[in-house]
Amino acid sequence: MRPHISVVSPMYNEEKGIKDFIVAVKETFAEYNKGWELVLVDDGSEDRSFEVAKEFTKEDQNIRVITLGTHYGRGKAIREGVKESSGDYIITIESDMSWEVEDIFRVVDELEHDRADVVLVSPYRRGGGVKGVPFFRLLISWLGNKILGASFGGSFSMVTQMFRGYKAEVIN
């Protein structure tokens, strides 16, 4: 079945947590009756991230793992993952569990109902929140996003996040 939703996730040295992320994605899509895929992109990890993730491809055809071989950065990892995706909607999300995986459906809902072509998820908007992030790191993130957001115009509260949704026709 052709995927309706493609989830693209870069990973770099995520050996300790990648299994939890993959399990969370699988559980999130367990009752989903349309096609989906998870495209994990190993960005030249120096640990066993690729091997741990690759084990899941043996048991689940919805999961694919590609490797860049060298550490290029998450921007390139996402671009390569998007190229490998075939869903109508493409969701990018970090594999370190810093976002709630089940929120993927909230993002897709916005895209499906033509309320947006691109959705940027932000913990700084009403209804959002941050857990377990040290105060100083949170302060730098918040201030940095305020400054960058202002340079784009509009009301962006976060522009550096990885949790985004796209209509495939727009991103391609």
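See above for the structure.
No experiment lies behind these values; they were computed from the predicted model shown.

Chemist: What exactly am I supposed to notice about the overall build of the chain here?
Modeler: Broken down by element type, the chain carries six helices and six strands. Starting at the N terminus and walking to the C terminus, you meet the elements of the chain as β-α-β-α-β-α-β-α-β-α-β-α. A total of 172 residues make up the chain; the buried ones form 44% of that total. When contacts within the chain are restricted to residue pairs at least 6 apart in sequence, those whose partners lie at least 24 apart make up 76%.

Chemist: I tried to follow the packing of aromatic side chains on my own but got confused; where do I start?
Modeler: Two numbers describe a pair of aromatic rings. These are the distance of the centres and the angle of the planes. Tallied over the entire structure, the rule returns four aromatic pairs. When the centroid spacing of 4.8 Å and the interplanar angle of 15 degrees are considered together, the rings of Phe-29 and Trp-36 count as stacked. Each member of the aromatic cluster is reached from another via a ring pair, and the members are Phe-29, Tyr-32, Trp-36 and Phe-105.

Chemist: Honestly, a nonpolar patch on the surface in this entry has me stumped. Any pointers?
Modeler: Taken together, Phe-135, Phe-136, Leu-139 and Leu-143 make up a surface patch of nonpolar side chains, about 440 Å² in accessible area. As for its placement among the helices and strands, Leu-143 is situated in helix α5 (residues 135–152). Residue classification places Leu-143 among the partly exposed positions, given a relative accessible area of 40%.

Chemist: Would you mind going over the pairing of strand β2 (residues 36–42) with me for this structure?
Modeler: Regular strands show a simple pattern: their side chains alternate between the two faces of the sheet. For β2, the tally of buried residues reaches seven of seven residues, placing the bulk of the element in the interior. Across the two faces of β2 the burial is the same, with Trp-36, Leu-38, Leu-40 and Asp-42 and Glu-37, Val-39 and Val-41 all buried. Two elements, strand β1 (residues 5–11) and β2, share seven bridges in a ladder whose sense is parallel. Across the sheet, residue Val-8 finds its bridge partner in β2, namely Val-39. Taken together, β1, helix α1 (residues 18–28) and β2 form a β-α-β motif whose crossover is right-handed. Relative to strand β3 (residues 63–67), β2 runs parallel, the two being bridged by five bridges.

Chemist: What is the right way to look at the pattern of salt bridges in this model?
Modeler: When their charged atoms lie close together, side chains carrying opposite charge are able to pair. As enumerated under the stated definition, the model contains 16 salt bridges in all. Taking the shortest distance from any N to any O, the salt bridge between Glu-37 and Arg-64 comes out at 2.8 Å. Of this pair, Glu-37 sits in strand β2 while Arg-64 sits in strand β3; the two residues are 27 residues apart in sequence, bridging distant segments of the chain. A relative accessible area of 28% places Arg-64 in the partly exposed class.

Chemist: Whenever I open this one, the sheet that holds strand β5 (residues 118–120) confuses me. Can you help?
Modeler: Sheets are built from strands that pair by backbone hydrogen bonding, the pairs being arranged parallel or antiparallel. With mixed pairing, six strands are arranged side by side in an open sheet as β3-β2-β1-β4-β6-β5. Strands at the two margins of the open sheet, each flanked by one partner only, are β3 and β5. This sheet shows a mean twist of 15 degrees between the axes of neighbouring strands, independent of strand direction. Relative to strand β6 (residues 164–167), β5 is paired through three bridges, and the arrangement is antiparallel. Pairing of Leu-120 across the sheet is with Arg-164, part of β6. Of the strands in this sheet, β1, β2 and β3 touch α1, which is tilted by about 165 degrees from β2. This element, helix α4 (residues 104–112), spans β1, β4 (89–92), β5 and β6 of the sheet and lies at about 140 degrees to β4.

Basis of the calculations
Residues numbered from 1 in each chain as written. Predicted model: local features only at pLDDT ≥ 70, side-chain atom pairs only at ≥ 80, totals over all residues. Heavy atoms only, no water. Helix = DSSP H or I, 4+ residues; strand = E, 2+ residues; numbered from the N terminus. Buried < 20%, exposed > 50% of the residue type's maximum accessible area, 1.4 Å probe, protein only. Contact = heavy atoms within 4.5 Å. Phe/Tyr/Trp six-rings, centres within 6.5 Å; stacked < 30°, edge-to-face > 60°. Patch = residues over 30% accessible without salt bridge, like charges linked within 9 Å, V, L, I, M, F, W, Y side chains within 5 Å. Areas by Shrake-Rupley, 256 points an atom, 1.4 Å probe, with all protein chains shown as cover. Salt bridge = Lys/Arg side-chain N within 4 Å of Asp/Glu carboxyl O. Pairing = 2+ DSSP bridges. Right-handed = clockwise from strand over helix to strand, strands pointing away. Axes fitted to C-alpha atoms, helices over the stretch in contact; angles between N-to-C directions.

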